[in-house]
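Architecture at a glance
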Amino acid sequence: MFDRLTAQPADKILALMQMFKEDPRPTKIDLGVGVYKNAEGVTPIMQAVKTAEKQLWEQETTKSYVGLVGDPGFSDAMIDLILGDAVPRNIVAAAATPGGTGAVRQAFEMIRMANPEARIFVSDPTWPNHLSILKYMGMEVVSYRYFDSETRGVDFTGMMDDLGALRSGDVVLLHGCCHNPTGANLNLVEWQSVIDLMQKKGAVPMIDIAYQGFGDGLEEDAAATRLVAASMPECLIAASCSKNFGIYRERTGLLMAVSQEASQHGLNQGTLAFLNRQNYSFPPDHGARLVTMVLQDPSLRADWASELEEVRLSMLGLRQHLADELQQRTGSDRFAFLAQHRGMFSRLGTTPDLVEKLRAEHAIYMVGDSRMNIAGLNATTVPILAQAIVEAGV
Ligand code: PLP
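Since we're looking at a predicted model, the values are computed, not measured. (Residues numbered from 1 in each chain as written. Predicted model: local features only at pLDDT ≥ 70, side-chain atom pairs only at ≥ 80, totals over all residues. Heavy atoms only, no water.)

It is worth spelling out the site of the ligand at this point. All residues adjacent to the ligand are G99, G100, T101, W127, N180, D208, A210, Y211, S240, S242, K243 and R251. Contact distances for the ligand include 2.7 Å between an oxygen atom and a backbone N or O atom of G100. In the model, an oxygen atom of the ligand is placed 2.7 Å from a nitrogen or oxygen of the N180 side chain. The fraction of the free accessible surface of the ligand (400 Å²) that becomes covered by protein chains is 91%. Class assignment for the residues of the shell around the ligand results in three nonpolar, six polar and three charged. (Near = heavy atom within 4 Å. Polar contact = N/O pair within 3.5 Å; in protein donor to acceptor, adjacent residues only side chain to side chain. Areas by Shrake-Rupley, 256 points an atom, 1.4 Å probe, with all protein chains shown as cover. Nonpolar A, V, L, I, M, F, W, Y, C, P; charged D, E, K, R; others polar.)

Before going further, it helps to examine the domain arrangement of the protein chain. Parsing the protein chain into structural domains produces domain 1 (11–45 + 305–392) and domain 2 (65–296). Of the roughly 1,900 Å² buried where domain 1 meets domain 2, counting both sides, 58% is carbon and sulfur surface. By the criterion of area lost to domain 2, the three top residues of domain 1 are L308, R342 and R347, representing 32% of everything that side buries. Inspection of the domain 1/domain 2 interface yields one salt bridge. In this structure, R342 engages D216 in a salt bridge whose closest nitrogen and oxygen atoms are separated by 2.8 Å. Counting across the domain 1 and domain 2 interface gives 11 residue pairs in polar contact (both at pLDDT 80 or more). Of all the secondary structure elements, the ones that give two or more residues to the side of domain 1 that touches domain 2 are α11 (298–330) and β9 (345–347). If one sorts the elements of the side of domain 1 that touches domain 2 by residue count, α11 sits on top with six residues. Tallied by class, residues from the side of domain 1 that touches domain 2 come to 12 nonpolar, six polar and five charged. (Domains from an automatic or database assignment. Buried area = accessible area lost by both parts, 1.4 Å probe. Salt bridge = Lys/Arg side-chain N within 4 Å of Asp/Glu carboxyl O. Helix = DSSP H or I, 4+ residues; strand = E, 2+ residues; numbered from the N terminus.)

For the structure on display, the rule yields 17 salt bridges. Two residues, D76 and R89, come together in a salt bridge whose shortest N-O distance is 2.7 Å. Remark: R89 occurs in the loop between α3 (72–83) and β2 (92–97) and D76 occurs in helix α3; sequence separation between them is 13 residues. The class for D76 is partly exposed, based on a relative accessible area of 38%. Ionic pairing is found between D285 and R289, a salt bridge with its closest N-O pair at 2.7 Å. (Buried < 20%, exposed > 50% of the residue type's maximum accessible area, 1.4 Å probe, protein only.)

This part is about the side chain of T126. Structurally, T126 is set in the loop between β3 (119–124) and α5 (128–136). Aside from chain neighbours lying at most four places away, what touches T126 is L131, H175, N180 and P181. (Contact = heavy atoms within 4.5 Å.)

Here we come to the sheet that holds strand β4 (residues 140–145). Pairing is mixed in the open sheet, where seven strands are placed in the order β2-β8-β7-β6-β5-β3-β4. Taken across any chain shown, the strands that pair with only one partner, and hence form the sheet edges, are β2 and β4. Strand-to-strand twist across the sheet, computed as the mean angle between neighbouring axes with direction ignored, equals 20°. Relative to strand β5 (residues 171–175), β3 runs parallel, the two being bridged by two bridges. In the sheet register, I120 faces β5, and the bridge partner there is V171. Across the sheet, helix α8 (residues 218–231) is in contact with β6 (204–209), β7 (234–240) and β8 (253–259); its angle to β6 comes to roughly 160°. (Pairing = 2+ DSSP bridges. Axes fitted to C-alpha atoms, helices over the stretch in contact; angles between N-to-C directions.)

Next comes the structure, spelled out in C-alpha coordinates:
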(Lines give C-alpha, C1' and ligand atoms only; values in the text may rest on other atoms or scores of the structure.)
Protein backbone atom coordinates (compact mmCIF):
# COMPACT_ATOMS: atom_id res chain seq x y z
CA MET A 1 0.00 0.00 0.00
CA PHE A 2 2.61 2.52 1.03
CA ASP A 3 4.46 2.14 -2.26
CA ARG A 4 1.53 3.92 -3.90
CA LEU A 5 2.32 7.11 -2.01
CA THR A 6 3.97 9.99 -3.83
CA ALA A 7 6.43 12.35 -2.18
CA GLN A 8 4.84 15.53 -0.90
CA PRO A 9 6.49 18.92 -1.27
CA ALA A 10 8.74 19.76 1.67
CA ASP A 11 7.83 22.81 3.75
CA LYS A 12 10.06 25.55 2.38
CA ILE A 13 10.47 27.34 5.69
CA LEU A 14 11.41 24.17 7.54
CA ALA A 15 13.94 23.36 4.80
CA LEU A 16 15.41 26.85 5.21
CA MET A 17 15.66 26.30 8.98
CA GLN A 18 17.70 23.16 8.33
CA MET A 19 20.03 24.99 5.92
CA PHE A 20 20.54 27.70 8.52
CA LYS A 21 21.40 25.13 11.15
CA GLU A 22 24.02 23.57 8.92
CA ASP A 23 25.61 26.90 7.89
CA PRO A 24 28.97 27.15 9.72
CA ARG A 25 29.37 30.95 9.27
CA PRO A 26 29.33 32.59 12.73
CA THR A 27 27.78 35.81 11.38
CA LYS A 28 24.66 34.07 10.01
CA ILE A 29 21.30 35.74 10.62
CA ASP A 30 18.00 33.82 10.66
CA LEU A 31 15.05 35.86 9.42
CA GLY A 32 13.16 32.79 8.23
CA VAL A 33 11.07 30.91 10.73
CA GLY A 34 7.94 32.61 12.10
CA VAL A 35 8.57 32.63 15.83
CA TYR A 36 9.27 35.63 18.00
CA LYS A 37 12.84 35.88 19.25
CA ASN A 38 14.23 38.36 21.73
CA ALA A 39 17.52 40.25 21.32
CA GLU A 40 19.42 37.15 22.49
CA GLY A 41 17.75 35.04 19.81
CA VAL A 42 15.63 33.15 22.36
CA THR A 43 11.90 32.47 22.11
CA PRO A 44 11.09 33.02 25.78
CA ILE A 45 8.28 31.60 27.88
CA MET A 46 6.27 34.59 29.04
CA GLN A 47 6.44 35.15 32.80
CA ALA A 48 2.67 35.13 33.26
CA VAL A 49 2.45 31.84 31.38
CA LYS A 50 5.18 30.33 33.54
CA THR A 51 3.37 31.44 36.69
CA ALA A 52 0.07 30.05 35.45
CA GLU A 53 1.80 26.79 34.62
CA LYS A 54 3.14 26.52 38.17
CA GLN A 55 -0.30 27.22 39.63
CA LEU A 56 -1.85 24.69 37.30
CA TRP A 57 0.66 22.03 38.32
CA GLU A 58 -0.24 22.67 41.96
CA GLN A 59 -3.99 22.86 41.50
CA GLU A 60 -4.88 20.44 38.72
CA THR A 61 -6.36 17.24 40.12
CA THR A 62 -7.36 15.33 36.98
CA LYS A 63 -6.41 14.90 33.36
CA SER A 64 -9.79 13.53 32.39
CA TYR A 65 -11.46 14.73 29.17
CA VAL A 66 -12.82 18.27 29.17
CA GLY A 67 -15.36 18.68 26.37
CA LEU A 68 -15.54 18.45 22.61
CA VAL A 69 -15.23 22.20 22.15
CA GLY A 70 -12.83 22.63 25.08
CA ASP A 71 -13.41 24.51 28.30
CA PRO A 72 -16.16 27.16 27.99
CA GLY A 73 -14.00 29.44 30.17
CA PHE A 74 -11.37 29.47 27.41
CA SER A 75 -13.93 30.37 24.73
CA ASP A 76 -15.37 33.14 26.91
CA ALA A 77 -11.96 34.61 27.71
CA MET A 78 -10.84 34.54 24.08
CA ILE A 79 -14.11 35.90 22.72
CA ASP A 80 -13.76 38.74 25.19
CA LEU A 81 -10.14 39.35 24.14
CA ILE A 82 -10.85 39.33 20.42
CA LEU A 83 -14.39 40.64 20.08
CA GLY A 84 -14.72 42.78 23.23
CA ASP A 85 -18.32 43.97 23.30
CA ALA A 86 -18.62 44.26 19.52
CA VAL A 87 -21.32 41.57 19.44
CA PRO A 88 -23.51 39.88 22.06
CA ARG A 89 -22.02 36.66 23.41
CA ASN A 90 -25.09 34.62 22.50
CA ILE A 91 -24.44 34.92 18.76
CA VAL A 92 -20.88 33.52 18.94
CA ALA A 93 -20.38 29.77 18.67
CA ALA A 94 -16.83 28.70 19.52
CA ALA A 95 -14.58 25.67 19.77
CA ALA A 96 -11.03 25.23 20.96
CA THR A 97 -8.72 23.82 18.29
CA PRO A 98 -5.14 22.57 18.04
CA GLY A 99 -3.50 25.94 17.34
CA GLY A 100 -4.56 28.58 14.86
CA THR A 101 -3.90 26.09 12.07
CA GLY A 102 -6.52 23.79 13.59
CA ALA A 103 -8.97 26.70 13.68
CA VAL A 104 -8.26 27.50 10.03
CA ARG A 105 -8.71 23.86 9.05
CA GLN A 106 -11.97 23.51 10.97
CA ALA A 107 -13.26 26.76 9.45
CA PHE A 108 -12.66 25.37 5.97
CA GLU A 109 -14.40 22.14 7.02
CA MET A 110 -17.42 24.10 8.22
CA ILE A 111 -17.55 26.13 5.00
CA ARG A 112 -17.35 22.99 2.86
CA MET A 113 -20.05 21.33 4.92
CA ALA A 114 -22.39 24.33 4.72
CA ASN A 115 -21.74 25.25 1.10
CA PRO A 116 -19.64 22.90 -1.04
CA GLU A 117 -19.94 25.41 -3.87
CA ALA A 118 -18.21 28.20 -1.96
CA ARG A 119 -15.03 29.57 -3.48
CA ILE A 120 -12.40 30.85 -1.08
CA PHE A 121 -10.88 34.21 -2.02
CA VAL A 122 -7.36 34.53 -0.63
CA SER A 123 -4.90 37.39 -0.75
CA ASP A 124 -1.93 37.17 -3.10
CA PRO A 125 0.26 36.40 -1.25
CA THR A 126 -1.11 34.72 1.84
CA TRP A 127 0.21 32.38 4.56
CA PRO A 128 1.24 29.33 2.44
CA ASN A 129 -0.59 26.93 4.77
CA HIS A 130 -3.92 28.50 3.73
CA LEU A 131 -3.24 27.45 0.18
CA SER A 132 -1.89 24.01 0.92
CA ILE A 133 -4.78 23.09 3.23
CA LEU A 134 -7.34 24.34 0.73
CA LYS A 135 -5.64 22.39 -2.05
CA TYR A 136 -5.50 19.28 0.11
CA MET A 137 -9.20 19.63 0.87
CA GLY A 138 -10.01 20.13 -2.82
CA MET A 139 -11.65 23.50 -2.28
CA GLU A 140 -11.74 26.12 -5.00
CA VAL A 141 -9.38 29.03 -4.45
CA VAL A 142 -9.52 32.44 -6.12
CA SER A 143 -6.71 34.83 -5.35
CA TYR A 144 -7.15 38.57 -5.07
CA ARG A 145 -4.43 41.17 -5.54
CA TYR A 146 -3.09 42.41 -2.22
CA PHE A 147 0.56 43.46 -2.22
CA ASP A 148 1.79 46.33 -4.34
CA SER A 149 5.40 45.47 -5.14
CA GLU A 150 6.17 49.11 -5.98
CA THR A 151 4.94 50.76 -2.78
CA ARG A 152 5.18 47.59 -0.63
CA GLY A 153 1.78 48.60 0.72
CA VAL A 154 -1.65 47.15 -0.06
CA ASP A 155 -2.82 47.31 -3.68
CA PHE A 156 -6.26 48.35 -2.50
CA THR A 157 -7.63 49.19 -5.95
CA GLY A 158 -6.50 45.82 -7.29
CA MET A 159 -7.94 44.07 -4.26
CA MET A 160 -11.37 45.70 -4.63
CA ASP A 161 -11.39 45.02 -8.38
CA ASP A 162 -10.68 41.33 -7.81
CA LEU A 163 -13.23 41.06 -5.01
CA GLY A 164 -15.74 42.45 -7.52
CA ALA A 165 -15.89 38.86 -8.85
CA LEU A 166 -17.41 37.55 -5.59
CA ARG A 167 -20.62 35.57 -5.87
CA SER A 168 -23.16 35.07 -3.13
CA GLY A 169 -21.90 32.44 -0.68
CA ASP A 170 -18.23 32.85 -1.57
CA VAL A 171 -15.82 33.29 1.34
CA VAL A 172 -13.19 36.01 1.68
CA LEU A 173 -10.21 35.03 3.80
CA LEU A 174 -8.72 38.11 5.47
CA HIS A 175 -5.88 38.51 7.95
CA GLY A 176 -7.25 40.31 11.01
CA CYS A 177 -3.97 42.19 11.56
CA CYS A 178 -0.24 41.90 10.86
CA HIS A 179 -0.59 40.30 7.42
CA ASN A 180 1.66 37.29 6.91
CA PRO A 181 3.85 37.33 4.81
CA THR A 182 3.80 40.98 3.74
CA GLY A 183 3.36 43.11 6.90
CA ALA A 184 1.13 45.43 4.82
CA ASN A 185 -2.35 46.03 6.24
CA LEU A 186 -5.64 47.70 5.39
CA ASN A 187 -6.67 50.78 7.35
CA LEU A 188 -10.11 50.88 8.93
CA VAL A 189 -11.61 52.96 6.13
CA GLU A 190 -10.46 50.32 3.66
CA TRP A 191 -11.83 47.55 5.88
CA GLN A 192 -15.19 49.30 5.80
CA SER A 193 -15.13 49.36 1.99
CA VAL A 194 -14.34 45.63 1.91
CA ILE A 195 -17.23 45.01 4.32
CA ASP A 196 -19.60 47.08 2.16
CA LEU A 197 -18.56 45.08 -0.90
CA MET A 198 -18.95 41.71 0.84
CA GLN A 199 -22.41 42.76 2.03
CA LYS A 200 -23.39 43.82 -1.47
CA LYS A 201 -22.17 40.53 -2.92
CA GLY A 202 -23.55 38.28 -0.19
CA ALA A 203 -20.05 36.97 0.59
CA VAL A 204 -18.96 35.58 3.95
CA PRO A 205 -15.77 36.81 5.66
CA MET A 206 -13.34 34.48 7.35
CA ILE A 207 -10.77 36.23 9.52
CA ASP A 208 -7.49 34.63 10.46
CA ILE A 209 -6.09 36.47 13.48
CA ALA A 210 -2.74 35.07 14.64
CA TYR A 211 -0.86 38.16 15.83
CA GLN A 212 -3.17 40.20 18.07
CA GLY A 213 -0.94 42.50 20.11
CA PHE A 214 2.01 42.35 17.69
CA GLY A 215 0.96 45.31 15.54
CA ASP A 216 -0.55 48.46 17.05
CA GLY A 217 -1.76 47.03 20.38
CA LEU A 218 -4.24 44.45 21.67
CA GLU A 219 -7.35 46.59 21.11
CA GLU A 220 -6.15 48.21 17.90
CA ASP A 221 -5.24 44.85 16.33
CA ALA A 222 -8.72 43.51 17.05
CA ALA A 223 -10.54 46.56 15.65
CA ALA A 224 -11.01 45.22 12.11
CA THR A 225 -12.20 41.81 13.33
CA ARG A 226 -14.70 43.54 15.63
CA LEU A 227 -15.95 45.73 12.78
CA VAL A 228 -16.46 42.69 10.56
CA ALA A 229 -18.20 40.68 13.30
CA ALA A 230 -20.54 43.56 14.12
CA SER A 231 -21.36 44.45 10.51
CA MET A 232 -21.72 41.18 8.63
CA PRO A 233 -24.64 38.76 8.95
CA GLU A 234 -22.19 35.88 9.40
CA CYS A 235 -18.47 35.39 9.78
CA LEU A 236 -15.83 32.89 10.83
CA ILE A 237 -12.86 33.86 12.99
CA ALA A 238 -9.82 31.59 13.41
CA ALA A 239 -7.57 32.72 16.25
CA SER A 240 -4.15 31.54 17.38
CA CYS A 241 -2.59 31.92 20.85
CA SER A 242 0.81 30.67 19.63
CA LYS A 243 2.42 34.08 19.15
CA ASN A 244 0.78 36.45 21.60
CA PHE A 245 1.07 33.96 24.48
CA GLY A 246 4.32 32.45 23.19
CA ILE A 247 2.90 28.91 23.52
CA TYR A 248 3.62 27.65 20.01
CA ARG A 249 4.06 23.97 20.90
CA GLU A 250 1.00 23.80 23.15
CA ARG A 251 -1.25 24.05 20.09
CA THR A 252 -3.85 26.53 21.30
CA GLY A 253 -6.44 28.17 19.07
CA LEU A 254 -10.13 29.01 18.84
CA LEU A 255 -12.60 28.94 15.98
CA MET A 256 -15.60 31.25 16.24
CA ALA A 257 -18.70 31.19 14.06
CA VAL A 258 -20.68 34.41 14.43
CA SER A 259 -24.24 34.72 13.17
CA GLN A 260 -26.47 37.74 13.77
CA GLU A 261 -29.36 35.26 13.96
CA ALA A 262 -29.24 34.14 17.60
CA SER A 263 -31.44 31.18 16.63
CA GLN A 264 -28.56 29.87 14.50
CA HIS A 265 -26.25 29.62 17.50
CA GLY A 266 -27.20 26.09 18.60
CA LEU A 267 -26.69 24.65 15.14
CA ASN A 268 -23.33 26.40 14.72
CA GLN A 269 -22.16 25.28 18.15
CA GLY A 270 -23.24 21.70 17.47
CA THR A 271 -21.48 21.70 14.11
CA LEU A 272 -18.22 22.88 15.67
CA ALA A 273 -18.45 20.09 18.27
CA PHE A 274 -19.22 17.54 15.55
CA LEU A 275 -16.27 18.66 13.43
CA ASN A 276 -13.89 18.45 16.39
CA ARG A 277 -15.20 14.94 17.11
CA GLN A 278 -14.58 13.79 13.54
CA ASN A 279 -11.07 15.17 13.28
CA TYR A 280 -9.41 14.74 16.67
CA SER A 281 -12.15 14.47 19.25
CA PHE A 282 -11.12 16.60 22.24
CA PRO A 283 -8.89 19.59 21.54
CA PRO A 284 -5.67 20.05 23.57
CA ASP A 285 -6.34 21.60 26.97
CA HIS A 286 -3.03 22.58 28.55
CA GLY A 287 -2.30 25.74 26.55
CA ALA A 288 -5.97 26.76 26.57
CA ARG A 289 -6.06 26.45 30.35
CA LEU A 290 -2.94 28.60 30.74
CA VAL A 291 -4.46 31.27 28.48
CA THR A 292 -7.68 31.19 30.47
CA MET A 293 -5.83 31.53 33.77
CA VAL A 294 -3.76 34.44 32.46
CA LEU A 295 -6.78 36.25 31.03
CA GLN A 296 -8.99 35.68 34.09
CA ASP A 297 -6.49 36.71 36.77
CA PRO A 298 -6.11 40.52 36.80
CA SER A 299 -2.51 40.40 37.97
CA LEU A 300 -1.38 37.73 35.51
CA ARG A 301 -3.28 39.50 32.75
CA ALA A 302 -1.53 42.80 33.47
CA ASP A 303 1.88 41.06 33.47
CA TRP A 304 1.11 39.33 30.19
CA ALA A 305 -0.18 42.50 28.53
CA SER A 306 2.92 44.44 29.55
CA GLU A 307 5.30 41.71 28.37
CA LEU A 308 3.41 41.53 25.08
CA GLU A 309 3.65 45.29 24.77
CA GLU A 310 7.43 45.05 25.24
CA VAL A 311 7.58 42.48 22.46
CA ARG A 312 5.52 44.73 20.19
CA LEU A 313 7.59 47.81 20.91
CA SER A 314 10.85 45.95 20.39
CA MET A 315 9.71 44.91 16.92
CA LEU A 316 8.61 48.45 16.11
CA GLY A 317 12.00 49.70 17.30
CA LEU A 318 13.81 47.21 15.05
CA ARG A 319 11.64 48.25 12.10
CA GLN A 320 12.45 51.92 12.61
CA HIS A 321 16.15 51.19 13.15
CA LEU A 322 16.36 49.19 9.91
CA ALA A 323 14.46 51.83 7.94
CA ASP A 324 16.80 54.54 9.33
CA GLU A 325 19.96 52.56 8.54
CA LEU A 326 18.76 52.02 4.98
CA GLN A 327 17.78 55.66 4.65
CA GLN A 328 21.27 56.72 5.68
CA ARG A 329 22.98 54.26 3.35
CA THR A 330 20.81 54.90 0.27
CA GLY A 331 19.93 58.55 0.85
CA SER A 332 16.35 57.67 -0.12
CA ASP A 333 13.06 56.75 1.53
CA ARG A 334 12.79 53.61 -0.57
CA PHE A 335 12.74 51.43 2.53
CA ALA A 336 10.46 53.59 4.67
CA PHE A 337 7.77 50.91 4.26
CA LEU A 338 9.67 48.75 6.76
CA ALA A 339 8.66 51.11 9.55
CA GLN A 340 5.07 51.25 8.31
CA HIS A 341 4.54 47.52 8.12
CA ARG A 342 3.13 45.84 11.22
CA GLY A 343 3.62 42.48 12.89
CA MET A 344 6.49 40.08 12.80
CA PHE A 345 7.00 40.08 9.03
CA SER A 346 7.89 42.39 6.22
CA ARG A 347 8.14 41.48 2.60
CA LEU A 348 11.24 43.17 1.29
CA GLY A 349 9.79 42.92 -2.22
CA THR A 350 12.87 41.64 -4.00
CA THR A 351 13.61 38.78 -6.38
CA PRO A 352 14.39 35.17 -5.39
CA ASP A 353 17.85 35.69 -6.96
CA LEU A 354 18.65 38.53 -4.59
CA VAL A 355 17.26 36.57 -1.64
CA GLU A 356 19.65 33.77 -2.63
CA LYS A 357 22.50 36.26 -2.98
CA LEU A 358 21.85 37.53 0.55
CA ARG A 359 22.04 33.96 1.78
CA ALA A 360 25.08 32.87 -0.23
CA GLU A 361 27.20 36.00 0.22
CA HIS A 362 26.00 37.44 3.52
CA ALA A 363 24.63 34.42 5.42
CA ILE A 364 21.25 36.16 5.73
CA TYR A 365 18.36 33.73 5.63
CA MET A 366 14.90 34.87 4.59
CA VAL A 367 12.03 33.08 2.84
CA GLY A 368 12.33 32.93 -0.97
CA ASP A 369 9.52 35.45 -1.47
CA SER A 370 11.69 37.93 0.54
CA ARG A 371 9.67 37.66 3.77
CA MET A 372 11.80 38.69 6.72
CA ASN A 373 11.07 37.93 10.34
CA ILE A 374 11.83 41.27 11.95
CA ALA A 375 12.12 39.58 15.37
CA GLY A 376 15.14 37.70 14.05
CA LEU A 377 17.10 40.97 14.25
CA ASN A 378 18.73 42.84 17.12
CA ALA A 379 20.57 46.14 17.52
CA THR A 380 23.83 44.54 16.31
CA THR A 381 22.47 42.76 13.27
CA VAL A 382 20.26 45.58 11.93
CA PRO A 383 23.22 47.55 10.46
CA ILE A 384 24.71 44.30 9.09
CA LEU A 385 21.45 43.53 7.31
CA ALA A 386 21.13 47.11 6.02
CA GLN A 387 24.67 46.97 4.61
CA ALA A 388 24.02 43.57 2.99
CA ILE A 389 20.78 44.82 1.41
CA VAL A 390 22.65 47.75 -0.12
CA GLU A 391 25.64 45.66 -1.24
CA ALA A 392 23.42 42.98 -2.78
CA GLY A 393 21.70 45.72 -4.79
CA VAL A 394 18.17 45.09 -3.48
N1 PLP B 1 -2.48 32.03 10.57
C2 PLP B 1 -1.41 32.72 10.22
C3 PLP B 1 -1.55 33.84 9.26
C4 PLP B 1 -0.16 32.40 10.75
O5 PLP B 1 0.91 33.11 10.40
C6 PLP B 1 -0.06 31.33 11.66
C7 PLP B 1 1.25 30.93 12.19
O8 PLP B 1 2.27 31.09 11.60
C9 PLP B 1 -1.23 30.65 12.01
C10 PLP B 1 -2.42 31.02 11.44
C11 PLP B 1 -1.33 29.49 12.97
O12 PLP B 1 -0.38 29.27 13.86
P13 PLP B 1 -0.46 28.08 14.92
O14 PLP B 1 -1.12 26.93 14.27
O15 PLP B 1 0.95 27.81 15.25
O16 PLP B 1 -1.26 28.59 16.07
